[in-house]
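# Summary of structural features
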Amino acid sequence: MEIYSKAYEIRWTDLDANGHVRYSAYIDATMDQRYRVFAEHGFPPEAFLKLGIGLIYTALSAQFLREVRLARP
């Protein structure tokens, strides 16, 4: 399997009071990117609807390797 990488824009609503990206924002971004991978490989969300299926998450976890904060110039 090839490595997939995509830049994801962090929104103001993704940050907590300390300027850290919220855990739930990571999970939301992951789910969004999962659909993007399928779409970029010829299987857009409409295809899921047409087949009457969807992506099912049986387990979801995150490993934080470093802190992500709002970029500063």
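Calculation criteria
Residues numbered from 1 in each chain as written. Predicted model: local features only at pLDDT ≥ 70, side-chain atom pairs only at ≥ 80, totals over all residues. Heavy atoms only, no water. Phe/Tyr/Trp six-rings, centres within 6.5 Å; stacked < 30°, edge-to-face > 60°. Helix = DSSP H or I, 4+ residues; strand = E, 2+ residues; numbered from the N terminus. Buried < 20%, exposed > 50% of the residue type's maximum accessible area, 1.4 Å probe, protein only. Expected span 1.5 Å × (residues − 1). Salt bridge = Lys/Arg side-chain N within 4 Å of Asp/Glu carboxyl O. Polar contact = N/O pair within 3.5 Å; in protein donor to acceptor, adjacent residues only side chain to side chain. Contact = heavy atoms within 4.5 Å.

## Digging into the packing of aromatic side chains
- Going through the model one piece at a time under the given rule, you end up with four aromatic pairs.
- Centroid distance Y35 to F48: 5.6 Å. Interplanar angle 75°. Geometry classified as edge-to-face. Remark: F48 occurs in helix 2 (residues 45-51) and Y35 occurs in helix 1 (residues 23-40); sequence separation between them is 13 residues.
- Using a relative accessible area of 30% as the deciding quantity, one classes Y35 as partly exposed.
- When its relative accessible area of 5% is taken as the criterion, F48 is described as buried.
- Measuring from centroid to centroid gives 5.5 Å for F38 and F48, while their planes differ by 85°, and the two rings are edge-to-face. Here the residue F38 occupies a position in helix 1, and F48 occupies one in helix 2, the gap between them amounting to 10 residues.
- Among the aromatic residues, those joined into a cluster by ring pairs are Y35, F38, F43 and F48.

## Here's the deal with helix 1
- With 18 residues, helix 1 extends 26 Å between its outermost C-alpha atoms, agreeing within 8% with the 26 Å of an ideal straight helix rising 1.5 Å per residue.
- Within the span of helix 1, buried status applies to A25, I27, A29 and Q33.
- Just beyond helix 1, the residue with positive phi is G42, at close to 85°.

## Brief notes about the pattern of salt bridges
- Within the structure shown, the criterion is met by four salt bridges.
- Taking the shortest distance from any N to any O, the salt bridge between D14 and R11 comes out at 2.8 Å.
- Judged by relative accessible area, R11 falls into the partly exposed class, the value being 45%.
- Among the salt bridges present, the one from R36 reaches D32, with a minimum N-O distance of 3.0 Å. Note that R36 and D32 are positioned in helix 1 at a spacing of four residues, about one turn of the helix.
- Bridged by salt links that share partners, the residues R11, D14 and R22 form one connected network.

## Quick look at the side chain of D14
- Relative to the elements of secondary structure, D14 occurs in the segment before helix 1.
- A polar contact of 2.8 Å, which involves the side chain of D14, links it to the side chain of R11.
- Once residues lying within four places of it in the same chain are set aside, the contact partners of D14 are E9, H20, V21, R22 and A25.

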